[in-house]
Amino acid sequence: MNFNYTNFVSKIRKAASSKNASKTVFDELRATLNDQRLLNEGLPIQDEDEILLFEDDTVSIWSCMFDPQFIMPAHEHKMEVHIGAVTGFEKNIMFEKNGNSLEHTETKIVSPGEILSIHEDAIHAVSARGEKHSHALHVYMGPLTKVKRDLFEWETGQAVTFSEENFESMKRSSKDYPSL
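Computed from a predicted model, the values in this text were never measured in an experiment.

J.: I'd love a proper account of unusual backbone geometry, names of residues and values included.
T.: Unlike most non-glycine residues, lysine 78 shows phi in positive territory, near 65°. Within the fold, lysine 78 resides in the loop between β3 (70–76) and β4 (81–87).

This is the structure we're talking about:
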């Protein structure tokens, strides 16, 4: 039986409405990733890099693919997120605000079957490591598309309003930032 987004969304929605929502969502994502068939077969093929599967006031569920040739701009979520890698290696480049600039603090690689939880104040940029795209399930503990959040200029760390136009214009080639 192939992976079914409808069943996954239903389980995550139920977990997100529980008393200890973040832990319950994490546990449900862990159970999903423990299915070896999912890790062997991968998620359904998608035409877009990021697909919103579901969103309400408690949770946003996305299917996200990243290309190793590009780095998505540094951004914030303003809510906790659990990232479960299914195929490829998702590279999360973590930053902290340091005065008026961003300081690269570490790079976290999420391998297939692993989960990375990022706290609500985190700033990160995302890419895939290696030669292949990464594909992961991202579960945000709130309504991601309804939150006012920022992107951060590569050179200055200055906050810029998060918009699709700004996001696209701030993507960079991985070749421009080989140390990240």
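J.: Give a description of the pattern of salt bridges that names residues and reports values.
T.: Taken as a whole and assessed by the stated rule, the structure comprises six salt bridges. Note that aspartate 35 and arginine 37 form a salt bridge whose closest N and O atoms lie 3.1 Å from each other. Take aspartate 35: its relative accessible area is 29%, and that puts it in the partly exposed class.

J.: Can you tell me about the packing of aromatic side chains, naming the residues and giving the values?
T.: Scanning all chains against the criterion turns up three aromatic pairs. For the pair phenylalanine 3 and tyrosine 5, a centre-to-centre distance of 5.3 Å together with 90° between the ring planes defines the contact as edge-to-face. Taken together, the ring pairs in this structure connect Phe3, Tyr5 and Phe8 into an aromatic cluster. Over the aromatic face of phenylalanine 89 sits the side chain of arginine 129, whose NZ or CZ is 5.9 Å from the ring centroid. Cation over ring: arginine 149 sits above phenylalanine 162, and NZ or CZ is 3.9 Å from the ring centre.

J.: So what's going on with the nonpolar core? Residues and values would help.
T.: Grouped together as the largest cluster of nonpolar side chains are 31 residues, with contacts concentrated most on Ile118 and Trp154. Here this core takes four residues from strand β8 (residues 123–129), the largest share from any one element. Excluding anything up to four places from it in sequence, isoleucine 118 contacts Met79, Glu80, Val81, Ile83, Asn92, Met94 and His124. Core analysis: the next-biggest nonpolar cluster, separate from the first, contains 22 residues, Ala16, Ala21, Leu33 and Met141 among them.

Rules used in this analysis
- Residues numbered from 1 in each chain as written.
- Predicted model: local features only at pLDDT ≥ 70, side-chain atom pairs only at ≥ 80, totals over all residues.
- Heavy atoms only, no water.
- Helix = DSSP H or I, 4+ residues; strand = E, 2+ residues; numbered from the N terminus.
- Salt bridge = Lys/Arg side-chain N within 4 Å of Asp/Glu carboxyl O.
- Buried < 20%, exposed > 50% of the residue type's maximum accessible area, 1.4 Å probe, protein only.
- Phe/Tyr/Trp six-rings, centres within 6.5 Å; stacked < 30°, edge-to-face > 60°.
- Lys NZ or Arg CZ within 6 Å of the ring centre and 35° of its normal.
- Core = buried A, V, L, I, M, F, W, Y, C linked by side-chain atoms within 4.5 Å.
- Contact = heavy atoms within 4.5 Å.

Purely spatial values, then, with no claim about function.
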